[in-house]
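Structural characterization, general
Residue strings, one per chain:
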Amino acid sequence: ENTDIVIENARIQSILRGADPTSDEIIDASGLYVCPGFIDIHTHGGGGGDFMDASAESFDKALMFHAKNGTTSVVASSVTAPVEEIEAMIDMVREYKNKSNPLCRILGAHIEGPYISVKNRGAQSEKYLRIPSRDSYDFILNNRDAIIQVTVSAELDGMEKMVRDLTDAGIIVSCGHDCGKKESIMPVIEAGASICTHWYCAMSTAAVMDGIRSVG
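Conventions and cut-offs
Residues numbered from 1 in each chain as written. Predicted model: local features only at pLDDT ≥ 70, side-chain atom pairs only at ≥ 80, totals over all residues. Heavy atoms only, no water. Buried < 20%, exposed > 50% of the residue type's maximum accessible area, 1.4 Å probe, protein only. Helix = DSSP H or I, 4+ residues; strand = E, 2+ residues; numbered from the N terminus. Arc of directions from axis to C-beta. Phe/Tyr/Trp six-rings, centres within 6.5 Å; stacked < 30°, edge-to-face > 60°. Pairing = 2+ DSSP bridges. Contact = heavy atoms within 4.5 Å. Axes fitted to C-alpha atoms, helices over the stretch in contact; angles between N-to-C directions. Core = buried A, V, L, I, M, F, W, Y, C linked by side-chain atoms within 4.5 Å. Salt bridge = Lys/Arg side-chain N within 4 Å of Asp/Glu carboxyl O. 1 Å grid on protein atoms, 1.4 Å probe; cavity = no way out; pocket = protein on both sides within 12 Å on 5 of 7 lines; lining within 4 Å. Points joined across faces, edges and corners; volume = space filled by probe spheres on them. Nonpolar A, V, L, I, M, F, W, Y, C, P; charged D, E, K, R; others polar. Patch = residues over 30% accessible without salt bridge, like charges linked within 9 Å, V, L, I, M, F, W, Y side chains within 5 Å. Areas by Shrake-Rupley, 256 points an atom, 1.4 Å probe, with all protein chains shown as cover.

1. A short note on helix α5 (residues 182-191)
Considered for burial, the residues of α5 that qualify are S184, I185, V188 and A191. The buried residues of α5 occupy an angular sector of 120° when projected down its axis, which confines them to one face. Opposite its buried face, α5 presents the exposed residues K182, E183 and E190, each directed more than 90 degrees away.

And the structure:
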C-alpha cells in the first residue's frame, strides 16, 4: 500500500514508498494490485475466440480476454487438424507476432499434435494423426520462425530423429499425449525434449509393473 512504481522503457526502475515521483504519465492504481504480466505457454484461445479459426476476429477476441485477465504474452496453441489448417493458424500467429502494439503479445505458436498417440489423443482428432517415420514434418521446420514449441508422443516411430531435427531448428519439444515407457521416453529426452504437456492427463502415467514403479 502507498507505493509508487517507476517504469522506464517498459522496465521497472524503482519502487518507492512515501515519495512523490515525477513522470510524464501517471497511472492511478489506488486500491488495485500490480503484478508482472502472466505468460501462458499453452492456450487455444479465449473469450469466444479460437486460434484455429485463423481469423483476426478470433485472435482479437482471445487476446483481449487474456489481456483483461492479466496475461500479457501467450503462445498460441493449435490442435490436431489437416496441415493446411495448422499452417493457416501459423500464418496468423506470424502476423500478430510482428505487430508493434498488440492487445496481448503472441510469442509464437505451439503445435499440439498431430504427432501424438492414438490411445492418449484426448480431444484431438484421430483422423489427422501423423507418425514421423511415415509422414513429413517439414511444415514445422519450414515455419520455425513462428513456431516456439511442439508437443509430441515419445513412442511414435521416428520420433527420436524428429525431436533432434526440431531442437536443432531451435524449437522447444514437449512430451505429451503419449503412451511412452521409460525405454521410449529417455532417448527422446536425450535427443532434446525438455518439457511436458498434460502431465498425467491424456498421457502415460506411473504404475507398478513387475514390482517396479514405472512410467507406462
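2. What about the packing of aromatic side chains?
Considering all chains together, one arrives at 3 aromatic pairs under this definition. Judged by centre distance (4.9 Å) and plane angle (65°), the ring pair of F51 and F59 falls under edge-to-face. We classify F51 as buried; its relative accessible area is 0%. By relative accessible area, which is 0% here, F59 ends up buried. Measuring from centroid to centroid gives 5.1 Å for F59 and Y96, while their planes differ by 40°, and the two rings are tilted.

3. Some details on the sheet that holds strand β9 (residues 172-175)
Strand order in the open sheet made by the 6 strands is β3-β6-β7-β8-β9-β10, with parallel pairing throughout. Only two strands of the sheet have a single neighbouring strand rather than two, namely β3 (38-43) and β10 (195-196). With 2 bridges connecting them, β9 and β10 associate as parallel partners. Paired with C175 across the bridge in β10 is C196. Of the strands in this sheet, β3, β6 (71-77) and β7 (105-112) touch helix α1 (residues 56-68), which is tilted by about 140° from β6.

4. Remarks on the nonpolar core
F51, Y115 and I140 are the most contacted members of the largest nonpolar core, which has 42 residues in total. No other element matches helix α2 (residues 83-97), which puts 7 residues into this core.

5. Considerations on the pattern of salt bridges
Opposite charge on two side chains allows them to pair when their charged atoms are near. Across all of its chains, the model carries 7 salt bridges by this definition. A salt bridge links E126 to R121; its shortest N-O distance comes to 3.5 Å. Residue class for R121 comes out partly exposed when judged on its relative accessible area of 24%. Where salt bridges share partners, they join D91, R94 and D145 into one cluster.

6. Regarding the layout of surface pockets
In this structure, the largest pocket spans a volume of roughly 1,200 Å³. Lining the largest pocket are 27 residues, with D4, I5, I27, A29 and V34 positioned closest to its centre. Broken down by secondary-structure element, the contributors of at least two residues to the lining of the largest pocket are β1 (3-8) and β2 (11-17). With 6 residues, β1 is the largest single contributor of residues to the lining of the largest pocket. Residue lining of the second largest pocket: 19 residues in total, with C35, P36, G37, F38 and T72 positioned closest to the centre. Looking at the lining of the second largest pocket, the elements with two or more residues in it are β2, β3 and β6. The element contributing the most residues to the lining of the second largest pocket is β6, with 3 residues. Tallied by class, the residues present in the lining of the second largest pocket amount to 12 nonpolar, 5 polar and 2 charged.

7. What about a nonpolar patch on the surface?
Where nonpolar side chains cluster on the molecular surface, the patch consists of I5, I7, I12, I15 and V34 and spans about 510 Å² of accessible area. Secondary structure elements with two or more residues in the nonpolar patch: β1 and β2. Along the polypeptide, I15 turns up in strand β2.

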